[in-house]
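# Observations on the three-dimensional arrangement
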Protein chains: 2
Amino acid sequence: MLILKQLQIDQMTKKILLIGAGLSTQSLVPYLKSKLHEYDWHLSVLDRDFATAERRLGTSDERCRADSLDITDSTALDAALEDAHLVISMVPAHMHLNIAKGCLKHKAHLVTASYLTPEMRSLDAEARANGLVFLNECGLDPGIDHMSAAKLLDGIRGDGGEIVLFESFTGGLLSPDSEGDNPWRYKFTWNPRNVVLAGQGGAVKFIQEGKYKYIPPHMIFRRTEFMNVEGYGRFEGLANRDSLKYRSTYGLEDVATLYRGTLRRPGFARAWDSFVKLGMTDDSYTIKNTDALSFRDYTNLFLAYNPHDSVELKLKYYLGIPQDSEIFTKLRWAGLFSDQRFPFSSGTPAECLEYVLKQVWTLDADDRDLIVMFHKIGWRKGNQWGMIESSMGVEGKNARQTAMASTVGLPLGIATKLILTGGAIDLGVQMPITSQWYNPILNELANDFGVTFHEKEVPYTGY
Amino acid sequence: MLILKQLQIDQMTKKILLIGAGLSTQSLVPYLKSKLHEYDWHLSVLDRDFATAERRLGTSDERCRADSLDITDSTALDAALEDAHLVISMVPAHMHLNIAKGCLKHKAHLVTASYLTPEMRSLDAEARANGLVFLNECGLDPGIDHMSAAKLLDGIRGDGGEIVLFESFTGGLLSPDSEGDNPWRYKFTWNPRNVVLAGQGGAVKFIQEGKYKYIPPHMIFRRTEFMNVEGYGRFEGLANRDSLKYRSTYGLEDVATLYRGTLRRPGFARAWDSFVKLGMTDDSYTIKNTDALSFRDYTNLFLAYNPHDSVELKLKYYLGIPQDSEIFTKLRWAGLFSDQRFPFSSGTPAECLEYVLKQVWTLDADDRDLIVMFHKIGWRKGNQWGMIESSMGVEGKNARQTAMASTVGLPLGIATKLILTGGAIDLGVQMPITSQWYNPILNELANDFGVTFHEKEVPYTGY
C-alpha cells in the first residue's frame, strides 16, 4: 500500500459536509458560505432536524443545501458520505468514530472540535494510507488554546529556552455590559448539560513545582486561584480534569508545573460548590414525580427533615454559609427556593438543576458573551528565568452571534480551507499543535476576526 | 417438573462444604465441629490457601478435613460440590453466583452472609424445583439486623399496630477497655478494604416523615445523628447507601421514616470526612512510585504546593480544621504525617490509605471488639402512638475470637443446622426475615451465646 506523507490536492469541485448544525456552527456556516465561489466548494449542512439545518444555512444557492441526516442510520450516513471530500463533524463526541470510519471508506478528510480519543488515534495509519487528514481538537478549548500555546512553546524552544511552567485557562463568560444584576456573572453559552456535569468523573491530576497533585472531583470547586487578565478584569481558575495527559501533547515531559483550567468570575466556584455539596449535580439516579415538586421542594430533597425550619435556613446551616456571604444571594437568585414547578415527570438531580438554571442562565437576545484565554509560561535559559503571560478576549455581538460560536467555528472553517487548498499539510490523525496549523489559523483569526493574543514578559514568579 | 414447597430431608450423612476460611469463620467452624457427631455431618473447610483452611479447621478427625480450592477453577469447583449437601459460601460476594449454579447442578443447599443480588434471586424457581434452600444475608448486618427487626415488626403487626417509623443501626467497634488512647475508638474488625471504600458508589436514599431525602456520597460523613445505646454509651449513626430498597423487604411500603445506618463512636465520621475531602478514599486511579513516598508525602499529594508551609498547616487550613478540634488529633495519630514509607511500588489512593490505617487499626492479640445493634421502631394503633427501642451488644474475647466473627458466623451455623435437620422450611431463594428463621436462630443466639436484645417501650418522638 502506498503510504503518502503529505496531502495531494486535485482541482475538481470540493464537497464539504457539515454534520450537526447546533449553536456552535453559527459562525462556521457563514464563513464557509463566504468561500464557496472563490474555492469552488459545495456545502451540505446536515442535521437530524431539517428545520435546524435549513435555519442554520439561511439563504441557499446551487453551491449549498440543507438536509436532514440521522447518523445512527448507517445506510443514510453512508449515502451522505458518498461524494464528500471533507466532513466537519459537530455531533456529540462519542458519535465521531462512526463518521471517521465512513470517511475512510469514502476517502474524505475529517475535522472536529472534540477531544482526540484513543479510538480515533488508532485510525492514523489507515488515514495516512488513504491520503487523508483527520484533524481533532480544532475549536476553542480544545483548539485555539492548543494553537496559541504551541506557538509560544515553539518560540521559546527555538530561542534556546527550556519550559519549566505551563498554565493555561479558558473561560466562556458574559461581557461585563451583559451581566446586569446577575450575581453569578455567568450564563450558558454552550451545552448547559455539559456545564452542569462539569468536574465530574475522575480526580483532577496536575503537577506543581515537580510535585504531583490530586483533587477529588467533589472538591474541584474549592481549589481555585485568582488571576487578572489585562483588559478583562479578575477571574478565578478551576482545575480541568487531567492536565497530565498534556505532557506528551505539548512535549512537556519534564515540566515542573502543568495546570489547565477553566475561568469564571470570582465567587462562581464557591457558590457552585453548594450544588455539588447538596448532591444536585448527580446524574446517576432518577427522582420520580418531579412534576409534583417546586424548585424549593427539589432543594429540600437534599436537606434534613424538619417540620418547622425553613428550607433557606436549613441550607445555610448545612453548608455553613455565613449570613454575610454572597453565596446565598447567588443560590436564591438561581431560583433554588422558587415555587416554580418542573414540567417533566422524572429526572436526575442534574437534569433538574439544569432546568432550574436555564430559567436564569439562558442568553437574552441582546446578551453578549465573552471568551477569555490566559496562558502563563515559565522558561529557563541557563541561569536566566522568565515568564510570558499571553491573553486573549473576544466578545460576541448578541445571542445569535456569540464569541463562543466564532472561536469554536472559525478555526474549523480555516482548517477546512487549509486542507482543501493543499499546501504542506501532514496526513493522518492530527491535533493543531504544529506550525502548519497554528500559524495560518492564528494569523487569519487575528487579521480577519480580531482574535488577538497580547503577550508580555514578566518576572518569573513560579506557580 | 415437580415443584416442592417445603424441605424434604432423608437420614444419610450430610456433607457440609465451607468455602472460604477467612476471619469471619473463626466462630462458625467451631460451631459446626461441635455438631458433627450429634447430627451425623461431615465438614470440609476449603480455601484458596491450604494453610488457611488447615489453621481454621484446627484438629481434624474422620468427620472433617481441610483442603485447598481455587473457585475460579471450574473443574475443581465442580468436583468439590459433587457430593455436598449444603454449601456455606464465605468468598467475596461477586463469586457466590458461580457456586450457586454449581449447587443447583449437584443439588446442594446454599447459605451466605452476603446481600441478595438480582442474579441470585433469579435462581429461585430452579432452587425450589430441586428442593433446595438458598439462604442469603444470614450473618450480622445483613443478618441478625433483619431477624431482630422482622421479629419486632411482626410482633407489632400481630398486635394490630401499623409501622410508621423504622430506623436500624449496626456497628462493629472496640470494647471500651480496648480503646486505650486510640482517639478514633475504632480498629478494623472486618475487611479493611471495605471499611476504606465504605460510603462510595451511589447517593444515600432514605425517607423521613414521608419526605424523600438524598445525600451525595461525599457528604455521608457529615450527616450523622447521635444516639445512646443503653449499657454501651453514645454513638453516631451514619446513613447506609440505599435504605429505600428495604421497604419491600420489610413490607414497609407506606412507612413515613425508613433509615438504616452504621454506628461509630462520636467524632469518627467528622475525622473520616477529612480522608474523603482530601481524596484519599478514591480507588479509581493509580499513584506511581509509591515506594518513594512517606505517609507525609502521600498526604501532601492532595494539598496545594507551597515551598515553605508544613503539610500539617496546609491540611488544617484546606479542610478548615480549627486548632482546638480533635479531628487533627485523629489524623496525626493515624499516621498521615509519618515518615514511614509504603512497601509497594504503586497503588490507588484508597490502597495507600488502607496501608496507613492498618499500621494503627490492626487488632492487638488481646484487643476485644464490640458489636452494637440498635433499632427504633415507631407504631400507631388508631390514635395511640408508641415507639420501641431494641438494642444488642456483644463483646469479643480477643483478636482470634471476635464478636464480629461470632455474630457473622453463628447465624450461618444455626441456619445450616435448621436446613439439614429439616422442619417447616420454605424452599427457594430466601432471606431470614420470616419466623421459620428468626425464631430458632435468635433463640439459640440468646440461649447459648448471650446475643440478647433489650427492648423498651418509649414515648413516640418521631424521626
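Scoring rules and cut-offs
Residues numbered from 1 in each chain as written. Chains lettered and ligands numbered in written order. Predicted model: local features only at pLDDT ≥ 70, side-chain atom pairs only at ≥ 80, totals over all residues. Heavy atoms only, no water. Helix = DSSP H or I, 4+ residues; strand = E, 2+ residues; numbered from the N terminus. Rg over C-alpha atoms; globule rule 2.2 N^0.38 Å. Contact = heavy atoms within 4.5 Å. Areas by Shrake-Rupley, 256 points an atom, 1.4 Å probe, with all protein chains shown as cover. Lys, Arg positive; Asp, Glu negative; His and termini not counted. Charge placed at Lys NZ, Arg CZ, Asp CG, Glu CD. Buried < 20%, exposed > 50% of the residue type's maximum accessible area, 1.4 Å probe, protein only. Least-squares fit on C-alpha atoms with pLDDT ≥ 70 in both. Buried area = accessible area lost by both parts, 1.4 Å probe. Salt bridge = Lys/Arg side-chain N within 4 Å of Asp/Glu carboxyl O. Polar contact = N/O pair within 3.5 Å; in protein donor to acceptor, adjacent residues only side chain to side chain. Pairing = 2+ DSSP bridges. Axes fitted to C-alpha atoms, helices over the stretch in contact; angles between N-to-C directions. Arc of directions from axis to C-beta. Core = buried A, V, L, I, M, F, W, Y, C linked by side-chain atoms within 4.5 Å. Disulfide = S-S within 2.5 Å. Parallel < 35°, antiparallel > 145°, perpendicular 65-115°, else oblique. Left-handed = near helix turned anticlockwise from the far one by under 90°. Nonpolar A, V, L, I, M, F, W, Y, C, P; charged D, E, K, R; others polar. Phe/Tyr/Trp six-rings, centres within 6.5 Å; stacked < 30°, edge-to-face > 60°. pLDDT = per-residue confidence, 0-100.

### A short note on the overall build of chain A
Counting its regular elements, chain A contains 17 helices and 18 strands. The C-alpha atoms of chain A give 23 Å as radius of gyration, which agrees with the globular expectation for 463 residues (23 Å, within 12%). A principal-axis box enclosing the C-alpha atoms of chain A has dimensions of 75 × 60 × 40 Å. When contacts within chain A are restricted to residue pairs at least 6 apart in sequence, those whose partners lie at least 24 apart make up 71%. Taken as a whole, chain A presents about 19,100 Å² of accessible surface, with 48% of it coming from carbon and sulfur. Mean positive and mean negative side-chain charge positions of chain A (50 and 57 charges, respectively) differ by 3 Å.

### Brief notes about helix α5 (residues 96-106) of chain A
Along α5 of chain A, the residues classified as buried are His 96, Ile 99, Ala 100, Gly 102, Cys 103, Leu 104 and His 106 of chain A. Trailing α5 of chain A by a residue or two, Lys 107 of chain A shows a phi angle of about 55°, which is positive.

### Regarding the relation of the copies chain B and chain A
Note on the identical chains: chain B maps onto chain A by a rotation of 180° and an axial translation of 0.0 Å, with an RMSD of 0.1 Å. What we have between these two chains is a two-fold relation. By C-alpha distance to the rotation axis, the residue of chain B lying nearest is His 218 of chain B, at 3.5 Å. Here 100% of the interface residues in chain B have copies in chain A that are interface residues too; the copies meet face to matching face.

### Thoughts on the interface of chain B and chain A
Chain B puts 31 residues into the contact, and the matching count from chain A is 31 residues. Both faces combined, the contact of chain B with chain A buries some 2,800 Å², and carbon together with sulfur accounts for 60% of it. There are zero salt bridges connecting chain B and chain A. Across the chain B-chain A interface, the total number found is 14 residue pairs in polar contact (both at pLDDT 80 or more).

### Structural notes on the sheet that holds strand β1 (residues 14-19) of chain A
The strands making up a sheet associate through backbone hydrogen bonding, with each pair oriented either parallel or antiparallel. Residues and elements named next belong to chain A. Ordered in space as β3-β2-β1-β4-β5-β6-β17, the seven strands form an open sheet in which the pairing is parallel. Each having just a single partner strand, β3 (64-68) and β17 (428-430) make up the two edges of the open sheet. In this sheet, neighbouring strand axes are inclined to one another by 15° on average, regardless of whether the strands run parallel or antiparallel. Pairing of strand β2 (residues 41-47) with β3 involves five bridges; the strand directions are parallel. Pairing of Leu 43 across the sheet is with Cys 64, part of β3. Taken strand by strand, α5 contacts β1, β4 (86-89), β5 (109-112) and β6 (133-135), and its axis lies near 160° from that of β5.

### Structural notes on the environment of Met 147 of chain B
Position of Met 147 of chain B relative to the elements: it lies in helix α7 (residues 144-158). Along the chain, Met 147 of chain B and Asp 78 of chain B lie 69 residues apart, while their C-alpha atoms are 33 Å from each other.

### Some words on helix α4 (residues 74-81) of chain A
Residue and element names in this part refer to chain A. Burial in α4 covers these residues: Leu 77, Ala 80 and Leu 81. What you see down the axis of α4 is that its buried residues fit within an arc of 95°, all on one side. In this fold, the buried residues of α4 make contact with β1, β2, β4 and α5. For α4, the side-chain oxygen to backbone nitrogen distance between the N-cap and Thr 75 is 3.1 Å, and the N-cap itself is Asp 73.

### A look at unusual backbone geometry
When glycine is set aside, most residues are seen to have a negative phi, and most peptide bonds are trans. Residue and element names in this part refer to chain A. Backbone torsion omega between Asp 141 and Pro 142 reads 15°, so that peptide bond is classified as cis. With respect to the helices and strands, Pro 142 occurs in the loop between β6 and α8 (144-158). At Glu 209, a position not held by glycine, the phi torsion is positive, near 50°. Here Glu 209 shows up in the loop between β8 (204-208) and β9 (211-215). Of note in this structure, Asn 289 is not a glycine but carries a positive phi near 55°. Relative to the elements of secondary structure, Asn 289 occurs in the loop between β13 (287-288) and α12 (295-300).

### A look at the sheet that holds strand β1 (residues 14-19) of chain B
All names here are of chain B. On the basis of which strands lie adjacent, the open sheet formed by seven strands has the order β3-β2-β1-β4-β5-β6-β17 and parallel pairing. The sheet is open, and its two edges are formed by β3 (64-68) and β17 (428-430), each paired on a single side. Between one strand and the next, the sheet's axes are offset by a mean angle of 15°, whatever the strand orientation. Sheet topology places strand β5 (residues 109-112) next to strand β6 (residues 133-135); two bridges connect them, and they run parallel. The residue of β6 that forms the bridge with Val 111 is Leu 135. Here helix α15 (residues 403-420) sits on the sheet in contact with β1, β2 (41-47), β4 (86-89), β5 and β6, set at roughly 160° to β5.

### Here's the deal with the nonpolar core
Within the largest apolar cluster, 119 residues are counted, with the highest numbers of intra-cluster contacts made by Trp 184, Trp 272 and Leu 315 of chain A together with Trp 184, Trp 272 and Leu 315 of chain B. Residue contacts for Trp 184 of chain B: discarding those within four places in its chain leaves Arg 265, Phe 268, Ala 271, Trp 272, Phe 275, Lys 330, Leu 331, Trp 333, Ala 334 and Trp 361 of chain B.

### Brief notes about the pairing of strand β12 (residues 257-264) of chain B
Residue and element names in this part refer to chain B. Counting buried positions along β12 yields seven of eight residues, so the element is predominantly enclosed. Relative to β12, strand β11 (residues 233-239) runs antiparallel, the two sharing four bridges. Residue pairing for β12: Ala 239 is matched across the bridge by Gly 261.

### Some points on the state of the cysteines
Residues and elements named next belong to chain B. Taken as a whole and judged by the stated rule, the model has zero disulfides over all chains. This cysteine, Cys 103, is not joined by any disulfide, and Cys 138 carries the nearest cysteine sulfur, 15 Å off. Residue classification places Cys 103 among the buried residues on the basis of a relative accessible area of 0%.

### Considerations on the pattern of salt bridges
Pairing of side chains with opposite charge becomes possible as their charged atoms draw close. Applying the stated criterion across every chain, the model contains 46 salt bridges over all chains. Asp 177 of chain A is the salt-bridge partner of Arg 368 of chain A, the closest N and O atoms lying 2.7 Å from each other. In this pair, Arg 368 of chain A sits in the loop between α15 (349-361) and β15 (369-381) while Asp 177 of chain A sits in the loop between β7 (162-174) and α9 (192-197), placing the two residues 191 residues apart along the sequence. Among the salt bridges present, the one from Arg 260 of chain B reaches Asp 145 of chain B, with a minimum N-O distance of 2.5 Å. Of this pair, Arg 260 of chain B sits in strand β12 while Asp 145 of chain B sits in helix α7, and the two are 115 residues apart along the sequence. Like Arg 260 of chain B, the residue Asp 145 of chain B is buried in the burial classification.

### Section: the packing of helix α10 (residues 268-278) of chain B against helix α13 (residues 326-334) of chain B
Two numbers describe a pair of packed helices, the interaxial angle and the distance between the axes. All names here are of chain B. Between α10 and α13, the least distance of the axes is 9 Å, while the angle of their chain directions is 60°. With respect to each other, α10 and α13 are oriented oblique. Read as a crossing pair, α10 and α13 show a hand that is right-handed. Residues Phe 268, Arg 270, Ala 271, Ser 274 and Phe 275 of α10 pack against Ile 327, Lys 330 and Leu 331 of α13. A per-class count over the contact of α10 with α13 returns five nonpolar, one polar and two charged.

### Here we look at the packing of helix α16 (residues 403-420) of chain A against helix α17 (residues 435-449) of chain A
All names here are of chain A. Running from N to C, α16 and α17 cross one another at 125°; their axes reach a closest spacing of 10 Å. The angle between α16 and α17 falls in the class oblique. Crossing hand, α16 versus α17: right-handed. Touching Leu 410, Pro 411, Ile 414, Ala 415, Lys 417, Leu 418 and Ile 419 of α16 are Gln 436, Trp 437, Pro 440, Ile 441, Glu 444, Leu 445 and Phe 449, all from α17.

### Some remarks on the packing of aromatic side chains
Residues and elements named next belong to chain A. One pass over the full model with this rule turns up 56 aromatic pairs over all chains. Note on Phe 221 and Trp 272: the rings are 6.2 Å apart at their centroids and 40° apart in plane angle, and the pair reads as tilted. Of this pair, Phe 221 sits in the loop between β9 and β10 (224-229) while Trp 272 sits in helix α11 (residues 268-278), and the two are 51 residues apart along the sequence. Overall, the relative accessible area of 1% leaves Trp 272 in the buried class. Arranged with centres 5.1 Å apart and planes meeting at 85°, the rings of Trp 272 and Phe 275 form a pair that is edge-to-face.

### Concerning the confidence of the model for chain A
Of all residues in chain A, 97% attain a pLDDT of 70 or more, and the chain-wide mean is 93. Model confidence for the complex: the whole-complex pTM is 0.81, and ipTM, which rates the interface, is 0.71.

### Quick notes on the side chain of Asp 145 of chain A
Residue and element names in this part refer to chain A. With a relative accessible area of 0%, Asp 145 lands in the buried category. Within polar-contact distance, the side chain of Asp 145 engages the backbone nitrogen of Gly 143 at 2.6 Å. Not counting chain neighbours up to four residues away, the residues in contact with Asp 145 comprise Leu 140, Ser 168, Thr 170, Tyr 250, Arg 260, Met 373 and His 375.

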